Amino acid sequence: MIKKMTCIECPRGCSLSVDIENCKAVKIGGAGCPKGMAYAISEVEDPSRILTATVMTEGLDIKFLPVRTDKPIPKKELFRAVEEVKKIRVKNALRAGDTVDNNFMGLGVRLVATRSVG
Amino acid sequence: MKRRDLVIVGGGPAGMAASLAAHKSGVRDILLLERDQYLGGILNQCIHTGFGIDYFKEILTGPEYADRFIQKMKTAPGIEVSLSSFVARLTKDKVITYLKPGSLNEVHAKAVIMATGCRERTREMVHIPGTRPSGIFSAGLAQKLINIEGLLPGKDVVIIGSGDIGLIMARRWTLEGARVRAIVEIQDKTRGLTRNVVQCVEDFDIPLYFNHKVLKIFGKDRVEKITLIKVDESMKDIKGTEFDIECDTLLISVGLIPENELIEMAGAEIDKRTNSPVSKDVNMTSIPGIFVCGNSFKVYDYVDSVTRDSELAGTQAAEYIKGVK
């Protein structure tokens, strides 16, 4: 089965054509870079997304700190992940890229600050 | 009056790139005025990914993209950043008047770069009839409320227009627990990027109505419902296709328009249709020595392009300053 999809890795949005056999991507056409190949495989076998959200701070110069997962997490976990993020409080100064949670939800991904907060 | 070689108005991606490029070209007396309390501009509220693939060959969030430049600004002596500084006046002789808490200041510049970005087109610009209740926000304002202030000012949302900010807000509000009832687009295709339709709309099964428009907004104190109608190829209403959607919030996402009141005040020629400066080349205005870059010159799709064109503006301004006695 050939499935058409749009790569969401970057704003270029390459049109991908993925040949699927037994729930595996066996041939991928249209990808402009290796990220597109990886996206097609993931989208067929285990769709995942980078989570971006905000974390409440206490006593710092911005009220909400934007965060992201360093790697995509399973798409089906997104809603639970947003609820988990809401439970976190950041009380110390951080720089963009610093870790907020080293093993977020036990998924093996880091939750990192995307903005510096002091 | 204080004198400066170069004054830059706006500390978003355009203003930061322009000041760093001017600094690299040898200008050492630079004042950057930013009205907010932080550098980074609108990138700070764009917490989603998708920035920097062209410029940094990495996929960054808005705040991360901004942070790269904020860190560089700290290592460039000669660039003075003045925050909470609101520019109220610009003259053709390049005198800038700005307000800072507790003071009114004037500075005379050899060259000026305007990096004031753009603003959102409003309900009034697309003529949506009906009442004027609370609960109607531009998509970018909604983005600021949710991402910077931590507020979710609505539960049942309809998004008017399918611009990228609207699509991204559809996902954000859905993840935060609101119900996005519909996205309404008068054209037959999205105004935003396909990737945003995939990851923000299709991922969450949000209904996207093409060839539809809002006929009327209802509600006294708060938005209560809207009526939609289908339109034909010439965007004329098709009678009998009306239907209602109950909602408490409307987000307007119908495009952006450059913000150029200051150069207009200085007497620069402006194209009234696009609100862009009329000029013989990119980043120029009809007044020598006053440059415009980034989204205030024209609205770009990607911040990476804003950075590149603003770097060019910084270099152009440096060349101009060398020729000024």
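Computed from a predicted structure; not experimentally measured.

### Some remarks on the overall build of chain A
Of the regular secondary structure elements, chain A holds two helices and 10 strands. Seen in sequence order, chain A has helices and strands lined up from the N terminus as β-β-β-α-β-β-β-β-α-β-β-β. Relative to the 2.2 N^0.38 estimate, which gives 13 Å for 118 residues, the radius of gyration of chain A is 17 Å and therefore markedly larger than a compact globule would have. For chain A, the spread of C-alpha atoms along the principal axes amounts to about 55 × 25 × 20 Å. The buried share among the 118 residues of chain A stands at 35%. Here the contacts in chain A between residues at least 6 apart in sequence split such that 42% fall between residues at least 24 apart.

### Things to note about the nonpolar core
In terms of nonpolar packing, the biggest core is built from 54 residues, with Leu 6, Ala 18, Val 112, Ile 113, Met 114 and Phe 291 of chain B touching the most fellow members. Considering every element that reaches this core, the biggest residue donor is helix α1 (residues 13-24) of chain B, with seven residues.

### Observations concerning helix α8 (residues 303-322) of chain B
Residues and elements named next belong to chain B. Along its 20 residues, α8 runs 29 Å from first to last C-alpha, staying within 8% of the 28 Å computed at 1.5 Å per residue. Every buried residue belonging to α8 is among Val 303, Val 306, Thr 307, Asp 309, Ser 310, Glu 311, Ala 313, Gly 314, Gln 316, Ala 317 and Ala 318, and all of these are buried. Each element contacted by the buried residues of α8 is listed here: β1 (2-9), α1, β3 (49-51), α2 (62-74), β8 (103-114) and β21 (290-292).

### Concerning unusual backbone geometry
Peptide bonds are trans in most cases, and residues, glycine excluded, mostly fall at negative phi. All names here are of chain B. At Lys 57, a position not held by glycine, the phi torsion is positive, near 55 degrees. Among the structural elements, Lys 57 can be located in the loop between β3 and β4 (60-61). Here Lys 57 falls in the exposed class, since 9 other C-beta atoms lie within 10 Å of it. For Met 235, which is not a glycine, the phi torsion comes out positive at approximately 65 degrees. Relative to the assigned elements, Met 235 resides in the loop between β15 (225-230) and β16 (243-246).

### Remarks on the domain arrangement of chain A
Taken as a whole, chain A is organised into domain 1 (2-45) and domain 2 (52-113). A straight line from the C-alpha centre of domain 1 of chain A to that of domain 2 of chain A covers 28 Å.

### Considering helix α5 (residues 164-175) of chain B
Because an α-helix packs 3.6 residues into every turn, residues spaced three or four apart end up facing the same way. All names here are of chain B. Taking 1.5 Å per residue as the helical rise, α5 with its 12 residues ought to reach 16 Å, and the 17 Å between its terminal C-alpha atoms agrees with that figure. Taken across its 12 residues, α5 has 11 buried, putting it largely inside the fold. Buried residues along α5 sit in contact with α4 (139-147), β11 (156-160), β12 (179-184), α6 (194-201) and β17 (249-252). Looking at the residues trailing α5, positive phi occurs at Gly 177, about 105 degrees.

### A look at the domain arrangement of chain B
Residue and element names in this part refer to chain B. Domains assigned within chain B are domain 1 (2-119 + 256-322) and domain 2 (122-252). In this structure, domain 1 and domain 2 have C-alpha centres spaced 31 Å apart. Taken together, the contact pairs four residues of domain 1 with five residues of domain 2. When its residues are assigned to classes, the side of domain 1 that touches domain 2 shows one nonpolar, three polar and no charged.

### Observations regarding the interface of chain A and chain B
Each partner contributes residues to the interface: chain A has 23 residues there, and chain B has 24 residues. Of all the secondary structure elements, the ones that give two or more residues to the side of chain A that touches chain B are β5 (52-57), β6 (64-69) and α2 (78-86) of chain A. Of the residues in the side of chain A that touches chain B, the class split is 11 nonpolar, six polar and six charged.

### Considering the packing of α4 of chain B against α5 of chain B
Residue and element names in this part refer to chain B. Put simply, α4 and α5 touch, their axes get as near as 9 Å, and they point 35 degrees apart. When you trace α4 past α5, the crossing you get is left-handed. Side by side, α4 and α5 meet where Ala 139, Gly 140, Ala 142, Gln 143 and Ile 146 of the first sit next to Ile 165, Gly 166, Met 169 and Arg 172 of the second. When grouped by side-chain class, the residues that make up the contact of α4 with α5 number five nonpolar, three polar and one charged.

### So, the packing of α1 of chain B against α8 of chain B
All names here are of chain B. At a minimum axis separation of 7 Å, α1 and α8 run at an interaxial angle of 40 degrees. As the angle between them shows, α1 and α8 are arranged oblique. In the crossing of α1 with α8, the sense of the turn from one axis to the other is right-handed. Residue-level inspection shows Pro 13, Ala 14, Ala 17, Ala 18, Ser 19, Leu 20, Ala 21 and Ala 22 of α1 in contact with α8, the latter providing Val 303, Val 306, Thr 307, Ser 310, Glu 311, Ala 313, Gly 314, Thr 315, Ala 317 and Ala 318.

About the criteria used
Residues numbered from 1 in each chain as written. Chains lettered and ligands numbered in written order. Predicted model: local features only at pLDDT ≥ 70, side-chain atom pairs only at ≥ 80, totals over all residues. Helix = DSSP H or I, 4+ residues; strand = E, 2+ residues; numbered from the N terminus. Rg over C-alpha atoms; globule rule 2.2 N^0.38 Å. Buried ≥ 20, exposed ≤ 12 C-beta atoms within 10 Å, placed from the backbone. Contact = placed C-beta atoms within 7 Å. Core = buried A, V, L, I, M, F, W, Y, C linked by C-beta atoms within 7 Å. Expected span 1.5 Å × (residues − 1). Domains from an automatic or database assignment. Nonpolar A, V, L, I, M, F, W, Y, C, P; charged D, E, K, R; others polar. Axes fitted to C-alpha atoms, helices over the stretch in contact; angles between N-to-C directions. Left-handed = near helix turned anticlockwise from the far one by under 90°. Parallel < 35°, antiparallel > 145°, perpendicular 65-115°, else oblique.

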